[in-house]
Amino acid sequence: MRTRTENTARVVVIGAGMAGARLAARVPDVTVIGEESHAPYNRVLLAEVLAGRYPADVIALPPAEVRRGVRVVRIDRADRLVHCNDGSVVHYGRLVLATGSNPVLPPLRGLGNTMPDGVHAFRTLDDCMALRASVRPGVSAVVIGGGLLGVSAARALAECGAQVVLAHQGEHLMERQLDAESAGLLRSHLESLGVEVHTECRVRGLRCADGAVRAVELADGYELAAEITVLACGVRPRTGLAQAAGLEVRKGVVVDDELRTSDPYIHAVGDCAEHRSTVYGLAGPALEQADVLAEVLAGRPARYEGTRALTRLTLNGPADPGTASLDLAAFGDSRPLPGDDVIRLADATRGAYRTVVVRGDRLAGGVLLGDLAAVGTLARTWQDDAPLPAETSLLHLLTNDGGF
C-alpha cells in the first residue's frame, strides 16, 4: 500500500493530552497527532463532567491544531519518521512523546480482554461520557480503588443519584497523600454523601451474566451488587511505541533534565516520562515539563529539576444546603520519620484539620482539610524547599498566614 509523506515538521508531538496541548501552544511549526477524536481537554475536571456540573465543552483546552483520531503505530528513528494507522508518514526534526498513561486493569476473575457491559475505566472523556450515560438514580455502582481518582468518581456518581460503594484495598483512602486521621475525615464526608466505604477490602472478581456485570466478588466471599463498576486502580505509563523504537524504558520513558530520551532527537513529557527515577502521573508536573521543553526546543537554556506537586481536591455535596463541600490539600510526605516534628490542629466543630511534618528546618509535608487558608504559604515554602525562619513557632505554621 502506498503511503504519503507529509511536510517536514520541525517538531512532531505524539499525544494531544494536557502536556501535548500545552507544548503545542508554546512551540511554533508543530504537528500534534492525537488518538482521541476530541479536542484537547482538561482531564482534571472529568469528575465534574461526570457529576453533571460542567458540560464536556467547558473543559476544552485553548484551541490547538491536532490531527485527531490518528494513532502512531511506529517510529523510524533512522529516517526520523512516524508511521500512522491512516497510512500517513510524518517527518520530524524533533519528536516529543506525550503518550500519557493507560488505566491499570486489575487481574480480576471475569475481566477478560473485552470488558463486560457496565464495567468502566475512568481515564478519558469517552470513558466519562459512557459512564454518565449509564448512570441513573438508584443504580448500584461499585468503585474499585480509593485513590484520588476513585474518590472523585465515587463522589460524582453519588451526586448523580447512584447507590455507591467504594472498595479500597489499602488501610485508608488516598494513602499516597493523606495520613490516617485526615483519611478518616474524608471517609466521613463521603459517607455523608451516601457513599458506602470499605477499606482493607480486596476484590477477587466480577460476577457477570449475559455479558454484563451483576456483582463484585470480594476475597472474603461477600458480593456487592453492581450494575456499574468503575475501575480506578491507578495508571501505567504508555511506553509501547518507545520500547518498540529501542528507547530506554524503565517504569516510563527515561529522560534527562532537558526531557531528552536516549535518542537525542526524541523527548518525552507527561505521564509517560520518567525523570530521575520518578513517574509523576499528575497534571502539574506534566504542564511544568511541557513549559521547560518549550524553552529547550526554542534553543534557550532550561532544565527540569523535578516537581514538588500539591494535590488539591474539592468534594462538593449534592444540591442540599445541609451538606457542605470538603476542600482538601496535601503536599509532600505527611508520614513522619523518627526525629520529625509533627504539628496537628483539629476542629471537629468546623470540620477543619491541619497537620504538617517538619524535618530539620524544613517542611516535609502536610495535609489540610476544610479550612485551606494557610495552604498557600505552606505550599510555597515546601515547593521552594526553603528553611523555616528560626523565630517561627511550630504552632504558628498552621495559622492562616503560615506563621510568616
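Higher on the page you've got the structure.
All figures in this text were calculated on a predicted structure; none of them were measured in a lab.

(A) Fine view of the overall build of the protein chain. The helix and strand inventory of the protein chain stands at eight helices and 25 strands. By the compact-globule yardstick of 22 Å for 404 residues, the protein chain fits well, its C-alpha radius of gyration being 23 Å. Projected onto the principal axes, the alpha-carbon positions of the protein chain cover approximately 70 × 65 × 35 Å. At a minimum sequence separation of 6, the contacts of the protein chain that also span at least 24 residues come to 59%. Distance between charge centres in the protein chain, computed from 42 positive and 49 negative side chains, equals 5 Å.

(B) Structural view of helix 5 (residues 180–192). For helix 5, which comprises 13 residues, the first-to-last C-alpha distance of 18 Å matches the rise-based estimate of 18 Å (1.5 Å per residue) to within 8%. For helix 5, every residue scored as buried is listed here: Ser 182, Ala 183, Leu 186, His 189 and Leu 190. Projection of helix 5 onto a plane perpendicular to its axis shows the buried side chains occupying an angular sector of 115°, all on one side. Within two residues after helix 5, Gly 194 carries a phi angle of roughly 95°, on the positive side.

(C) Just the sheet that holds strand 23 (residues 341–347), in detail. What the five strands build is an open sheet, ordered 21-22-25-24-23; its pairing is antiparallel. The sheet is open, and its two borders are formed by strand 21 (310–315) and strand 23, each paired with just one other strand. Here the strands of the sheet are splayed against their neighbours by 10° on average, with no regard to which way each runs. Sheet topology note: the strand 21/strand 22 (residues 326–332) ladder contains six bridges and is antiparallel.

(D) Just the nonpolar core, in detail. Leu 23, Ile 75, Val 82, Leu 95 and Leu 97 are the most contacted members of the largest nonpolar core, which totals 46 residues. If you tally residues by element for this core, the top one is helix 7 (residues 283–297), at seven residues. Non-local contacts of Leu 23, meaning those with residues more than four positions away in its chain, are made with Val 13, Val 96, Ala 290, Leu 293, Ala 294 and Leu 297. Core analysis: the next-biggest nonpolar cluster, separate from the first, contains 44 residues, Leu 46, Ala 153, Ala 232 and Tyr 353 among them.

(E) Focus on helix 3 (residues 125–134). Within helix 3 the residues assigned to the buried category are Leu 125, Cys 128 and Leu 131. Taken around the axis of helix 3, the buried residues stretch over an arc of 130°, which confines them to a single face. Where helix 3 is buried, its residues contact helix 2 (46–50), strand 9 (119–121), helix 4 (148–159) and strand 16 (228–231).

(F) Structural detail: the packing of aromatic side chains. The tally for this structure, following the rule as stated, stands at two aromatic pairs. With 5.4 Å between their ring centres and 50° between their planes, Phe 331 and Trp 382 make a pair best called tilted. Within this pair, whereas Phe 331 is found in strand 22, its partner Trp 382 is found in helix 8 (residues 375–383), the two being separated by 51 residues in sequence. Both residues of the pair, Phe 331 and Trp 382, count as buried.

(G) Looking closely at the pairing of strand 24 (residues 352–359). For strand 24, a buried count of seven out of eight residues is recorded, marking the element as mostly surrounded by other parts of the structure. Bridge analysis of strand 23 against strand 24 gives seven bridges, and the strand direction is antiparallel. Paired with Asp 347 across the strands is Ala 352, a residue of strand 24.

Rules of the game
Residues numbered from 1 in each chain as written. Predicted model: local features only at pLDDT ≥ 70, side-chain atom pairs only at ≥ 80, totals over all residues. Heavy atoms only, no water. Helix = DSSP H or I, 4+ residues; strand = E, 2+ residues; numbered from the N terminus. Rg over C-alpha atoms; globule rule 2.2 N^0.38 Å. Contact = heavy atoms within 4.5 Å. Lys, Arg positive; Asp, Glu negative; His and termini not counted. Charge placed at Lys NZ, Arg CZ, Asp CG, Glu CD. Expected span 1.5 Å × (residues − 1). Buried < 20%, exposed > 50% of the residue type's maximum accessible area, 1.4 Å probe, protein only. Arc of directions from axis to C-beta. Pairing = 2+ DSSP bridges. Axes fitted to C-alpha atoms, helices over the stretch in contact; angles between N-to-C directions. Core = buried A, V, L, I, M, F, W, Y, C linked by side-chain atoms within 4.5 Å. Phe/Tyr/Trp six-rings, centres within 6.5 Å; stacked < 30°, edge-to-face > 60°.

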